[in-house]
Amino acid sequence: ELALKSLGSEGLFLFSSLDTNNDLYLSPEEFKPIAEKLTGVAPISEFEEEETPDPSGETLSVVAKFQPLVMETMTKSKDGFLGISHVALSGLRNWTAPAAPRSMMLARQFKAFLPPKNKLDLGDPWWIIPSELNIFTGYLSNNRFYPPPPKGKEIIIHRLLSMFHPRPFVKTRFAPQGAVACIQAISTFYYTIAFRIHAEFQLNEPPDFPFWFSPGQFTGHIILSKDSSHVREFKLFVPNNRSLNVDMEWLYGASESSNMEVDIGYLPQMELESTGPSIPSVIHDENGNVIDSRDPSGEPIQFVFEEITWQQEIPWEEAAQKLEVAMYPFKKVSYLPFTQAFERAKAEKKLVHSILLWGALDDHKPLSASLPAPGSGRTLRETVLESSPILALLNESFVSSWSLVKELEELQTNRENEFYSKLADLHLEKYNFPVEMIICLPNGTVVHHINANYFLDITSMKPEDVESSIFSFSSNFEDPSTATYLQFLKEGLQRAKPYMQT
């Protein structure tokens, strides 16, 4: 109360965004972002490197390519952003180019991507940055402007993402956080490592309120030597193959409980790529003498690199799938594209278990218009969709799919294929915001459906039952959500019987 009286609500909001341990005192470390902003000088961080790479080692040139968000793809653009202040979107509108179009990095900094000694099999995932959040720990504060200093393996990822924007958060507010990787190919001296990173950016600074920009994922690969002295190739990008690939949330007031606006949109391009293999920063002749990096005519010396012969490898799609399942255990069930799911269901004489969402099910986004939404896809995927009984029944009796509302709306108007259009039509008839779970026949007839908000309302615990319920969960190994979802699936199977027998 005293702090509120001294600072006012907006001043207290800024203070608490810096006071990371909530002790109502700002340590020098907590005050550092403001000091850097006011002075324009950023001191060299003690966290810059845990071990300093050899400055005479090889260097890698990385370029950033960025096309800004297509504003017209935001749902709020349909009403011309009515009711949304220009200030709220200023950080988004002003972000039109990468913060650093090109950067020179030391090859050994990419050592963070190397596998641990117990993860040397193809497709066996490990965590570069482990996720520290789950359904029980909740989520991190929305009321923050400046990322915490990166440590350990976070440093290289923070530095790479800083090429896009100066305020990347390598640990997202929502689970699953972190970065996961696996070996895609092995040669005598090299690995190809596939990786997936969940990170987000804070686009606003005080006195504006926070604006969070959360791409669905960053993915890519790196080809590097087993001793990390040489990087042959590096690429990181946000996939742009779906019609929406970014989640945005912004606060409208000076407190954690303030109203938050949510929207989704399409980002055409956000990628980093090496311009070529890493090259020595210092060149020695056969006698060990340092020689000029340019030939007598002034042209840079051209390096010739041996061709890599891969002894073992798996396709990119397989590696990406392994990373996806590591991030999302619910993906142990295959979720097929919408039309493909109906074709498979017809061939296998199964029902379609379909999830229709406003935002994506397998990005790290909250997926709903209110945070933390009781009916979000995030809650579903971290509870019922990951549980063993659900996974078993889905694998046995259903073909699963998830779709964006926007994608089905486009399919609905596609008159080239009347059957697909009708499938989309039947789904959208049953949809209610934000997430609808649907069970249907291979011909698209809906036999059962339930809205996620309603589902989670009927499975939520009463306060007086919390203690006893927690113990009963652990003894029965089945929480009310799992039991209710199992019942939903079994009712769908029962209702479909008359149709499937004909």
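Going by the structure above, here's the rest.
Just so it is clear, the structure is predicted and the values come from calculations on it, not from any experiment.

Whenever I open this one, the overall build of the chain confuses me. Can you help?
Each helix and strand counted, the chain has 13 helices and 22 strands in total. Looking at the chain residue by residue over its 502 residues, the buried ones come to 49%. In the chain, the proportion of contacts linking residues at least 24 apart, taken out of those at least 6 apart, comes to 72%.

Teacher, can you tell me more about the sheet that holds strand β7 (residues 200–202) here?
Whenever strands of a sheet pair, they do so through backbone hydrogen bonds, lying parallel or antiparallel. The strand order across the open sheet built from five strands is β4-β7-β8-β11-β12, with neighbouring strands paired in antiparallel fashion. Sheet topology places β4 (168–169) and β12 (260–265) at the edges, where each strand pairs with a single neighbour. Taken together, the five bridges between strand β8 (residues 211–215) and strand β11 (residues 246–251) define a ladder with antiparallel strand orientation. When the sheet's bridge partners are listed, S214 is paired in β11 with D247.

In this structure, what is going on with the sheet that holds strand β20 (residues 398–404)? I would like to understand it.
What the five strands build is an open sheet, ordered β18-β20-β19-β21-β22; its pairing is mixed. Edge positions in the sheet fall to β18 (335–336) and β22 (446–451), since each has one partner strand and no second. Relative to β20, strand β19 (residues 351–357) runs parallel, the two being bridged by seven bridges. Across the sheet, H353 pairs through a bridge with S400, a residue of β20. Packed onto the sheet, helix α11 (residues 452–459) meets β21 (435–440) and β22 and runs at close to 65° relative to β22. Strand contacts of helix α13 (residues 480–500): β19, β20, β21 and β22, with the helix running at about 160° to β22, the strand carrying the most contacts.

Teacher, can you tell me more about the environment of V384 here?
If you trace the backbone, V384 turns up in the loop between α7 (377–382) and α8 (388–397). Accessibility expressed as a relative area gives 0% for V384, which makes it buried. Separated by 102 residues in the primary sequence, V384 and L486 place their C-alpha atoms 8.8 Å from one another. If near-sequence neighbours (up to four positions away) are discounted, V384 is found in contact with I390, F455, S481, T482 and Y485.

Sorry, what's going on with the nonpolar core here?
Looking at soluble globular proteins, one finds that nonpolar side chains tend to be buried together. By size, the foremost hydrophobic cluster in this structure holds 63 residues, and its most contacted members are I355, M437, Y485 and L489. When residues of this core are assigned to domains, at least three map to each of domain 2 (58–325) and domain 3 (328–501). Within the second largest apolar cluster, 55 residues are counted, among which are A64, F66, F81 and V246.

Rules behind the numbers
- Within each chain, residue numbers correspond to sequence positions counted from 1 in written order.
- Owing to the predicted nature of the model, reporting of local features is limited to residues with pLDDT of at least 70; listing and counting of side-chain atom pairs is limited to 80 or more, with chain, interface and lining totals taken over all residues.
- Working from all heavy atoms in the structure, the side-chain values ignore hydrogens and water.
- Numbering of helices and strands runs from the N terminus, with a helix taken as a DSSP run of H or I at least four residues long and a strand as a DSSP run of E at least two residues long.
- Relative accessibility under 20% of the residue-type maximum defines a buried residue, over 50% an exposed one, and the middle range a partly exposed one, all with a 1.4 Å probe and only protein chains included.
- Residues are treated as being in contact if the distance between any of their heavy atoms lies within 4.5 Å.
- Any two strands between which DSSP finds at least two bridges are classified as paired.
- Simply put, an axis is a line fit to the C-alpha atoms, just over the touching stretch for a helix, and the angle between two N-to-C directions goes from 0 to 180 degrees.
- In these notes, a set of buried Ala, Val, Leu, Ile, Met, Phe, Trp, Tyr and Cys residues joined through side-chain atoms within 4.5 Å is what counts as a nonpolar core.
- These domain limits were set by an automatic method or by a database of domain assignments.

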